[in-house]
Amino acid sequence: MSSPNIAPLHDRALIRVSGPNAEHFLQNLVTADIDELADPGATLSALLTPQGKILFDSSFTNRTAAT
């Protein structure tokens, strides 16, 4: 099996959201189903305007078991 390739994305930032209400906060903010995100797991998502236009695309990972 080959090892995964990692590419630096210099135009992206990392933001950690943690705490007892982190999943609820994100679930009400982005298009991904955060409640169904596996641990560990990853998904793509978007942040929308109230009119449904895309403001930002993003990816989310769930690493609660690793912390």
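The shown structure was predicted, so the numbers you read here are calculated from the model rather than taken from an experiment.

Some remarks on a nonpolar patch on the surface
No. 1: Together, Ile15, Val17, Phe25 and Leu29 give the surface a local cluster of nonpolar side chains, amounting to about 400 Å² of exposed area.
No. 2: Tracing the backbone shows Leu29 in the loop between helix H1 (22-27) and strand E1 (41-48).

A few points about the nonpolar core
No. 1: Leu26, Val30, Ala32, Ile34, Leu37 and Phe60 together form the largest nonpolar core, which totals six residues.
No. 2: Excluding its chain neighbours within four sequence positions, the residues that come into contact with Ala32 are Gln27, Thr43, Leu44 and Ser45.

With respect to the layout of surface pockets
Here the idea is plain: a probe the size of a water molecule rolls over the atoms and shows the empty space left.
No. 1: Looking at the largest pocket, its volume works out to about 1,300 Å³.
No. 2: If you go around the largest pocket, you meet 33 residues; those closest to its centre are Ile15, Arg16, Ser59, Phe60 and Thr61.
No. 3: Elements that contribute at least two residues to the lining of the largest pocket include exactly H1, E1 and strand E2 (54-62).
No. 4: No other element matches E2, which puts seven residues into the lining of the largest pocket.
No. 5: Residue classes in the lining of the largest pocket are distributed as 18 nonpolar, nine polar and six charged.

What to know about the pairing of E2
No. 1: For E1 and E2, the ladder comprises eight bridges, and the chain directions are antiparallel. Its bridge partner being in E2, Leu44 is matched across the sheet by Ser59.
No. 2: The turn linking E1 back onto E2 is made up of five residues, and Gly52 within it adopts a positive phi angle of 95°.

How each quantity is defined
Every chain's residues receive numbers from 1 upward, in the order its sequence appears when written. Whole-chain, interface and lining totals are the exception, using all residues; otherwise, since this is a predicted model, local features are given only for residues with pLDDT of at least 70 and side-chain atom pairs are given and counted only at 80 or more. Only heavy atoms go into the side-chain values, all of them from the structure, while hydrogens and water stay out. The residues that make up patches have over 30% relative accessible area and no salt bridge, and they are joined within 9 Å when like-charged or within 5 Å when they are Val, Leu, Ile, Met, Phe, Trp or Tyr. Accessible areas in this description were obtained via Shrake-Rupley with a 1.4 Å probe; residue shielding takes into account the shown protein chains only. The working definition used for a salt bridge is a side-chain nitrogen of Lys or Arg within 4 Å of a carboxyl oxygen of Asp or Glu. Helix numbers and strand numbers start at the N terminus; a helix is a DSSP run of H or I with at least 4 residues, a strand a run of E with at least 2. Note on terminology: a nonpolar core comprises buried Ala, Val, Leu, Ile, Met, Phe, Trp, Tyr and Cys residues joined through side-chain atoms within 4.5 Å. Throughout, exposure labels follow a simple rule: accessible area from a 1.4 Å probe, protein chains only, divided by the maximum for the residue type, with under 20% read as buried, over 50% as exposed, and the rest as partly exposed. Should any heavy atoms of two residues lie within 4.5 Å, those residues are considered in contact. Only protein atoms enter the 1 Å grid used here, on which a cavity is any set of points holding a 1.4 Å probe that cannot leave and a pocket is any open set flanked by protein within 12 Å on both sides along at least five of seven lines; residues with an atom within 4 Å of a point are listed as lining. Grid points are joined across faces, edges and corners, and a volume is the space filled by probe spheres set on the points. Amino acids are sorted into nonpolar (Ala, Val, Leu, Ile, Met, Phe, Trp, Tyr, Cys and Pro), charged (Asp, Glu, Lys and Arg) and polar (every other residue, Gly among them). At least two bridges found by DSSP between two strands are what make those strands a pair.

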